[in-house]
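The chain contents come next:
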Amino acid sequence: MAVLGAALGALTARKRKGSGADIAQYAAGYGIAFALAGLAISLVLVRVIG
């Protein structure tokens, strides 16, 4: 999920004509957000299935 978020963040920043630092910041922010979302989803699935 983190890799998907980082890619999506980089594409978003590039689409908004951001500089290299902007692209890196968006990639990091989206990557962290998607990693946390993936963690929450996996915890819910483990609780429901297990």
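Values in this document were obtained by computation on a predicted structure and should not be read as measured data.

Engineer: I would appreciate a short explanation of the overall build of the chain in the present structure.
Structural biologist: Scanning the chain from N- to C-terminus turns up two helices and zero strands. Here the C-alpha atoms of the chain give a radius of gyration of 14 Å, more than 25% beyond the 10 Å that 2.2 N^0.38 yields for 50 residues. In terms of its C-alpha atoms, the chain occupies a principal-axis envelope of roughly 45 × 15 × 10 Å. Counting every position in the chain, which comprises 50 residues, the buried fraction comes to 16%.

Engineer: Mind showing me how you'd approach the packing of helix H1 (residues 2-15) against helix H2 (residues 20-49) here?
Structural biologist: A pair of packed helices can be characterised by two numbers: the angle between their axes and the separation between those axes. Packing of H1 against H2 leaves a shortest axis separation of 7 Å and a crossing angle of 145°. Both H1 and H2 take part in a crossing whose hand is right-handed. On the side of H1, the interface is formed by Ala 2, Leu 4, Gly 5, Ala 6, Leu 8, Gly 9, Ala 10, Thr 12, Ala 13 and Arg 14, while H2 contributes Asp 22, Ile 23, Tyr 26, Ala 27, Tyr 30, Gly 31, Phe 34 and Ala 35. The residue makeup of the contact of H1 with H2, split by class, is twelve nonpolar, four polar and two charged.

Engineer: Please clarify how the packing of aromatic side chains should be interpreted in this entry.
Structural biologist: A full pass over the atoms with the stated rule returns two aromatic pairs. Look at Tyr 30 and Phe 34: their rings are 6.5 Å apart centre to centre, the planes differ by 15°, and that puts the pair in the stacked class. Residue Tyr 30 and its partner Phe 34 are both found in helix H2; the two are separated by four residues, about one turn of the helix. The exposure class assigned to Tyr 30 is partly exposed, which follows from its relative accessible area of 28%. By relative accessible area, Phe 34 is classed as partly exposed at 24%.

Engineer: How should I be thinking about the environment of Leu 8 in this particular structure?
Structural biologist: Take Leu 8: it is sitting in helix H1. In sequence terms Leu 8 and Tyr 26 are 18 residues apart; their C-alpha atoms lie 8.6 Å from each other. Those residues in contact with Leu 8 that sit more than four places away from it in its chain are Tyr 30 and Phe 34.

Reading the values: the criteria
- Residues numbered from 1 in each chain as written.
- Predicted model: local features only at pLDDT ≥ 70, side-chain atom pairs only at ≥ 80, totals over all residues.
- Heavy atoms only, no water.
- Helix = DSSP H or I, 4+ residues; strand = E, 2+ residues; numbered from the N terminus.
- Rg over C-alpha atoms; globule rule 2.2 N^0.38 Å.
- Buried < 20%, exposed > 50% of the residue type's maximum accessible area, 1.4 Å probe, protein only.
- Axes fitted to C-alpha atoms, helices over the stretch in contact; angles between N-to-C directions.
- Left-handed = near helix turned anticlockwise from the far one by under 90°.
- Contact = heavy atoms within 4.5 Å.
- Nonpolar A, V, L, I, M, F, W, Y, C, P; charged D, E, K, R; others polar.
- Phe/Tyr/Trp six-rings, centres within 6.5 Å; stacked < 30°, edge-to-face > 60°.

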